[in-house]
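If you want the building blocks of each chain, they are given just below.
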Amino acid sequence: MSTITVDGPRRFIGRLRVPGDKSISHRALMIAALGHRPCRIRGLSDGDDVVHTRRAVQALGAQVENIEPGEVTVTGGLSGARESIYLGNSGTGIRLLAGMVANRDFVTTLDGDSSVRRRPMDRIIVPLSAMGASILGSGAGGSLAPLTIEGRALRGIEYTLPVASAQVKGAVLLAALRAGGPTTVHEPVPTRTHTEEMLAAAGVRVESDNGSVTVWPGEVVPPHTLRVPGDPSQAAFWLVGACLTAGSDLTVESVYLGRARAGFLDVLRRMGADIAVDSSSGDIRARYRELRATRVAAGELPGCIDEIPILAVAAAMAEGVTVVEGIAELRVKETDRVAAIAEMLAALGRQCRIDGDTLEITGGGGSSARKPRKPGRWIVDSRGDHRMAMAAAIAGAVGAGSVTVEGFEATTTSYPGFARDLSRSTGWTP
Ligand code: S3P
């Protein structure tokens, strides 16, 4: 297990580029693998999750050639994998791939690490089975990974998502590509739109209308080049760091700003943050300003679901009590993030309260921050969750004292260069 200690407060200064967006990277590899002509992908995430998806499409028969770091050429064509496919820590990888292979004429077994094996798979098994898929899960009720999927001819369905999940929507829409008729997914709350947008860009007939998306079966013709923009979920760590320490002025370059991904910026702005977005370049600049508490409504959560750990750090440093509603989905992420956030805040000497599906975080900012506070030496366990590890490291950089992050190696899931970028932006040395 690797450990780092980050001491603060540290100013966040300069310009950074974060890894390619993880959600888009997974889909780029899959959509390219479904085509039959070479597709160059630029700016692919270098995180382990995406490496696993790359290996998965290779195991299924696609060819992937390295061009340079972050750049590959994929030539599609799926013939089936000889062995079980291991997706590591990636819930997105396993769920999207399940949809992608459910309509093929081969059998695929998909598996992951102990975290993935605990995550609910019934949310994809139910709609895919309604399409006629044959999926054999593990565990009581057969709703856990590993999943064995016997490819079948599928039928189109109309499905209303019981939980707001872009992974479930994506799995169903990928399965729909070879169904007997159109498939419509209704979304009570909008989630990230990458699958439908990227399928449309690959020549598939897609219609999105007022919370519903319909995909018609058809050939996937990937574009010659797919460019993956910077990951807003990774940018959030640096931007929150800059918001919280006096003298900071940091820009993250070329960040994806599309729908249902930039919700954390709205939350930070409501907290009073000094954030400027250049919508043509995707550059986001953050400068220090004292933050105040806010309320995050349940309907906002899908738009900032992965940013709640770092927003919790912001809330802990703001003035007043921040309330986050509708947190149930956080319990089924890479770890139970509700418990992990509560544990992190307690380890940092901060207060929070969980009341059903509502999280309340009492900030130590404003007038209470001006009371002398003894610099602490805090220890936070990542629980093997990349976003918890990075949030805790930023907590170390913005507070007085130091934070030791145990299980820091989890950051390789999505951001292998996180420690390097912490050094670049704050001057921290390991
Ligand atoms: C993702 C969707 C979200 C998000 C995850 C990536 C995607 O998960 O938390 O990191 O790429 O579709 P859910 O679909 O479970 O909400």
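A brief report on the enclosed structure follows. Only a predicted model underlies this, so the values are computations on that prediction, with no experimental measurement involved. (Residues numbered from 1 in each chain as written. Predicted model: local features only at pLDDT ≥ 70, side-chain atom pairs only at ≥ 80, totals over all residues. Heavy atoms only, no water.)

Take the side chain of E71 next. Tracing the backbone shows E71 in strand β5 (residues 71-75). Given the relative accessible area of 8%, E71 is considered buried. With residues near it in sequence (within four places) discarded, E71 still touches R40, I41, R42, E65 and N66. (Helix = DSSP H or I, 4+ residues; strand = E, 2+ residues; numbered from the N terminus. Buried < 20%, exposed > 50% of the residue type's maximum accessible area, 1.4 Å probe, protein only. Contact = heavy atoms within 4.5 Å.)

Time to look at the site of the ligand. Residues in contact with the ligand, as listed here, are S23, R27, T92, A164, S165, A166, Q167, R192, I305, D306 and K333. The contact in question runs from an oxygen atom of the ligand to an N or O atom on the side chain of R27, over 2.6 Å. Here the ligand has 380 Å² of accessible area as a free molecule, and 96% of this is covered by the chains. Counting residues per element, the ones that place at least two in the shell around the ligand are α1 (22-34) and α5 (166-175). Partitioning the shell around the ligand into residue classes produces three nonpolar, four polar and four charged. A domain split of the shell around the ligand shows at least three residues from each of domain 1 (3-19 + 229-426) and domain 2 (22-215). (Near = heavy atom within 4 Å. Polar contact = N/O pair within 3.5 Å; in protein donor to acceptor, adjacent residues only side chain to side chain. Areas by Shrake-Rupley, 256 points an atom, 1.4 Å probe, with all protein chains shown as cover. Nonpolar A, V, L, I, M, F, W, Y, C, P; charged D, E, K, R; others polar. Domains from an automatic or database assignment.)

Only one face of strand β9 (residues 144-150) is covered, namely the face carrying A145, L147 and I149; the face carrying L144, P146, T148 and E150 is uncovered. As judged from the four bridges shared by strand β7 (residues 107-111) and β9, these two strands associate in the antiparallel manner. Of the residues in β9, the one forming a bridge with T109 is T148. Strand direction decides the pairing type here: strand β8 (residues 134-138) and β9, joined by four bridges, are antiparallel. From the neighbouring strand, L136 faces β9, where its bridge partner is T148. The antiparallel hairpin formed by β8 and β9 contains five residues in its connecting segment, where G139 sits at a positive phi of about 75°. (Pairing = 2+ DSSP bridges.)

Summed over the entire model, instances satisfying the criterion amount to 33 salt bridges. Among the ionic pairs, D306 bridges to R192, the shortest N-O distance being 3.4 Å. Of the two residues, D306 is situated in the loop between β18 (295-296) and α9 (308-317) and R192 in the loop between β11 (183-186) and α6 (194-201); the sequence distance between them amounts to 114 residues. The burial state of D306 is the same as that of R192; both residues are buried. We note a salt bridge from E325 to R295, for which the minimum N-O separation is 2.4 Å. Highlighted residues: E325 in strand β19 (residues 321-325) and R295 in strand β18, separated in sequence by 30 residues. In this structure E325 comes out as partly exposed when scored by relative accessible area, which is 23%. The exposure class assigned to R295 is partly exposed, which follows from its relative accessible area of 48%. Each of the salt bridges in this network shares a partner with another, and the network as a whole consists of R119, R192, D306, E334, R337, D385 and R387. (Salt bridge = Lys/Arg side-chain N within 4 Å of Asp/Glu carboxyl O.)

This paragraph deals with the pairing of strand β22 (residues 376-381). Across six bridges, the pairing between β22 and strand β23 (residues 401-406) is parallel. Bridging from a neighbouring strand, G376 pairs with G401 of β23. Crossover handedness for the path β22 to helix α12 (residues 386-398) to β23: right-handed. (Right-handed = clockwise from strand over helix to strand, strands pointing away.)

By themselves, these observations are geometric and do not establish any function.
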